[in-house]
Amino acid sequence: MTKKQRAAIVINELEKLYPTVPIPLDHTDPFTLLVAVALSAQTTDRKVNQITPALFAVAETPFKMQNLEISEIKDLIKEIGLANQKAKNLKRMAELLVERHDGEVPQTFEELEALPGVGHKTASVVMSQAFGVPAFPVDTHIHRLMTLWKLTSGKNVQETELDAKKIFPRERWNKLHLQIIFYGREYSPARGKREGDFITKMLNL
């Protein structure tokens, strides 16, 4: 079976399973999505969704976020990992959004990645899910499944992203990366039983 044939099976099966895919992080606009994605590093989406309502109740815009003290932000997000650094990043991010972009979330990778706490993956999620720009954010879960399905030989998420963009149609990127994440959580977790991982079995792997 060629790589292209395996990719076609993956697309077909994921489309059957997840014809529509919600964004796992609760948000109301590009800024709250940006904040939620930045907070999700090294913690679960579920945990982020538990703490962001209190944060957004007082700081749902860059203008309000920049007016909070770092200690206040930290207190609101203290239950997630790396809270100290994330609190500093959120305050400075909000300040720069106001200074450079009139409080609007920029719509280019370069401008997004220039913000504190915003790496390429975070920028890719915002560009794809907030603005509809084709992107393929790759996290460790997608990297693991792409490797398992022999769709990449990439040694890291950056190399896997390049392979994903080569093998999957551009118009499917924004939906497909979410479908793979949902599939991994439901059928092929990093830890635990994977008896239900039927796509891997279909690919004879």
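Rules and cut-offs
Residues numbered from 1 in each chain as written. Predicted model: local features only at pLDDT ≥ 70, side-chain atom pairs only at ≥ 80, totals over all residues. Heavy atoms only, no water. Axes fitted to C-alpha atoms, helices over the stretch in contact; angles between N-to-C directions. Helix = DSSP H or I, 4+ residues; strand = E, 2+ residues; numbered from the N terminus. Parallel < 35°, antiparallel > 145°, perpendicular 65-115°, else oblique. Contact = heavy atoms within 4.5 Å. Nonpolar A, V, L, I, M, F, W, Y, C, P; charged D, E, K, R; others polar. Core = buried A, V, L, I, M, F, W, Y, C linked by side-chain atoms within 4.5 Å. Buried < 20%, exposed > 50% of the residue type's maximum accessible area, 1.4 Å probe, protein only. Phe/Tyr/Trp six-rings, centres within 6.5 Å; stacked < 30°, edge-to-face > 60°.

Undergrad: Can you help me understand the packing of helix H9 (residues 140-148) against helix H11 (residues 173-187) in this one?
TA: For any two helices packed against each other, one specifies the crossing angle of their axes together with the interaxial distance. Their axes nearest at 9 Å, the elements H9 and H11 cross at an angle of 85 degrees. It follows from the interaxial angle that H9 and H11 lie roughly perpendicular. Contacts from Ile142, Arg144 and Leu145 of H9 reach H11 at His177, Ile180, Ile181, Tyr183 and Gly184. Of the residues contributing to the contact of H9 with H11, the split by class is 5 nonpolar, 2 polar and 1 charged.

Undergrad: Would you mind showing me how to read the nonpolar core here?
TA: Considering soluble globular proteins, one finds that nonpolar side chains tend to be buried as a cluster. Ranked by size, the top nonpolar core spans 34 residues in total, and within it Leu34, Leu39, Met65, Ile77 and Leu112 carry the most contacts. Looking at this core, the element that brings in the most residues is helix H2 (residues 30-39), giving 8 residues. Ignoring anything within four residues of it in the chain, the contact list for leucine 34 reads Met93, Leu97, Val105, Leu112, Leu115, Val118, Thr122 and Val126.

Undergrad: Please clarify how the packing of aromatic side chains should be interpreted in this entry.
TA: Aromatic ring pairs: the centre-centre distance and the angle between the two ring planes describe each pair. Summed over the entire model, instances satisfying the criterion amount to 6 aromatic pairs. A centroid spacing of 5.9 Å and a plane angle of 40 degrees characterise the contact between tyrosine 18 and phenylalanine 182, whose relative ring orientation is tilted. With tyrosine 18 in the loop between helix H1 (3-17) and H2 and phenylalanine 182 in helix H11, this residue pair connects regions lying 164 residues apart in the sequence. A centroid spacing of 5.5 Å and a plane angle of 90 degrees characterise the contact between tyrosine 187 and phenylalanine 198, whose relative ring orientation is edge-to-face. Placement of the pair is tyrosine 187 in helix H11 and phenylalanine 198 in helix H12 (residues 198-202), with a sequence separation of 11 residues. Residue classification places phenylalanine 198 among the partly exposed positions, given a relative accessible area of 25%.

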